[in-house]
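# Residue-level structure breakdown
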Amino acid sequence: MPGKLIVIEGLDGSGKSTQMQCLAENLDSEGIKYKRIKLPNYSSPSCSLVNMYLKGEFGSKPDDVNAYAASSFYAVDRFASFKQVWGEDYLSGSVILADRYATSNAVHQMVKLPEEKWDEYLSWLEDYEYVKMGIPKPTDVIFLDMPVEISQRLISERYNGDEKKKDVHEADTEYLKKCRRAAFYAAEKLSWTVISCTEGEKVKSIEKIADEIFEAVKKEIP
């Protein structure tokens, strides 16, 4: 019997990796076995087109590669990861914790289309990845919402102020604002769990966010 696939999504700088570690520790405390994966798998040959895209080799702006082409770059990497890294664990009943997944396309690629095309894109995305490519559909998707102004500050701190280290997504603030709007749209349409990472203008503590995530996950994992 297949396992559970829990996905943590969020814009760059929202704290996905930190919260994934906290979730893993919380599952450890409950004695729940799991396998962690992080996507894209930048070190894999399957991620070559993703790396070229993010480095700006197909154009310096995200819109230089259309939504369907860019989505396919990422989809191939996910398929390879499923077949080579975690598929057997999932199919044998394990809990899989994914830092990003197919749902990232809904956040980062859908915005390249007019809003009246968003429903069509979401239908295409789910059919393409979960039916035609055959990778699992998530049990739950947890979207960490961080306002772009705050996430940009956190990204800059991560790179010690070196703006040249940002990829084509991280460097485009207006694009990221559109992505946040797309994430809320997808969350409503696809029943994601949205967790706010801020209270007013202040970032919530890591522990408080982690507790909210764990409460959501416990509803899906017996």
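See the structure above.
As a starting point, this report considers the structure included with it. (Residues numbered from 1 in each chain as written. Predicted model: local features only at pLDDT ≥ 70, side-chain atom pairs only at ≥ 80, totals over all residues. Heavy atoms only, no water.)

## A few points about the pattern of salt bridges
- Evaluation of the coordinates by the stated rule reveals 14 salt bridges.
- Here Glu174 and Lys177 are joined by a salt bridge, their closest N and O atoms 3.6 Å apart. Here Glu174 pairs with Lys177, and both are found in helix α7 (residues 173–190), just 3 residues apart, close to one helical turn.
- A salt bridge links Glu215 to Lys218; the nearest nitrogen and oxygen atoms lie 3.0 Å apart. Pair noted here: Glu215 and Lys218 are both in helix α8 (residues 206–218), with a separation of 3 residues, about one helical turn.
- Residue class for Glu215 comes out partly exposed when judged on its relative accessible area of 46%. (Salt bridge = Lys/Arg side-chain N within 4 Å of Asp/Glu carboxyl O. Helix = DSSP H or I, 4+ residues; strand = E, 2+ residues; numbered from the N terminus. Buried < 20%, exposed > 50% of the residue type's maximum accessible area, 1.4 Å probe, protein only.)

## What to know about the pairing of strand β4 (residues 140–145)
- Counting buried residues along β4, 6 of its 6 residues qualify, which places the element largely inside the surrounding structure.
- Residues Asp140, Ile142 and Leu144 of β4 are buried on one face, and the alternating residues Val141, Phe143 and Asp145, pointing to the opposite face, are buried as well.
- Bridge analysis of strand β1 (residues 4–10) against β4 gives 5 bridges, and the strand direction is parallel. By the bridge assignment for β4, Ile6 is matched with Asp140.
- Pairing analysis gives 4 bridges linking β4 to strand β5 (residues 193–196), with the strands arranged parallel. From the neighbouring strand, Phe143 faces β5, where its bridge partner is Val194. (Pairing = 2+ DSSP bridges.)

## With respect to the sheet that holds strand β2 (residues 34–38)
- Taken together, the 5 strands give an open sheet; going across it, the order is β2-β3-β1-β4-β5, and neighbouring strands pair in parallel fashion. The sheet is open, and its two edges are formed by β2 and β5, each paired on a single side. For this sheet the average axis-to-axis angle between neighbouring strands, irrespective of direction, equals 20°.
- Each of β1, β4 and β5 is contacted by α8, which is oriented at about 160° to β4, the strand it contacts most. (Axes fitted to C-alpha atoms, helices over the stretch in contact; angles between N-to-C directions. Contact = heavy atoms within 4.5 Å.)

## A look at the packing of helix α3 (residues 67–91) against helix α5 (residues 118–132)
- It is at 11 Å that the axes of α3 and α5 come closest, and there the two elements cross at 25°. Taken together, the axes of α3 and α5 lie roughly parallel to each other. For the pair α3 and α5, the sense of crossing is right-handed. On α5, the residues that touch Ala67, Tyr68, Ser71, Ser72, Ala75 and Arg78 of α3 are Glu120, Tyr121, Trp124, Tyr128 and Glu129.
- Tallied by class, residues from the contact of α3 with α5 come to 6 nonpolar, 2 polar and 3 charged. (Parallel < 35°, antiparallel > 145°, perpendicular 65-115°, else oblique. Left-handed = near helix turned anticlockwise from the far one by under 90°. Nonpolar A, V, L, I, M, F, W, Y, C, P; charged D, E, K, R; others polar.)

## Some points on the packing of aromatic side chains
- Within this structure, the stated rule accounts for 13 aromatic pairs.
- Here Tyr101 and Tyr130 contribute two aromatic rings whose centre-to-centre distance is 6.4 Å and whose plane-to-plane angle is 15°, an arrangement assigned as stacked. Pair noted here: Tyr101 is in the loop between β3 (95–99) and α4 (103–108) and Tyr130 is in helix α5, with a separation of 29 residues, a long-range link. Taken as a pair, Tyr101 and Tyr130 share a single burial class, namely buried.
- An aromatic cluster is defined as three or more aromatic residues linked by ring pairs; in this entry it consists of Phe82, Trp86, Tyr90, Tyr101 and Tyr130. (Phe/Tyr/Trp six-rings, centres within 6.5 Å; stacked < 30°, edge-to-face > 60°.)

## Some remarks on α8
- For α8, which comprises 13 residues, the first-to-last C-alpha distance of 18 Å matches the rise-based estimate of 18 Å (1.5 Å per residue) to within 8%.
- Here the buried face of α8 lies against β1, α1 (16–29), β4 and β5. (Expected span 1.5 Å × (residues − 1).)

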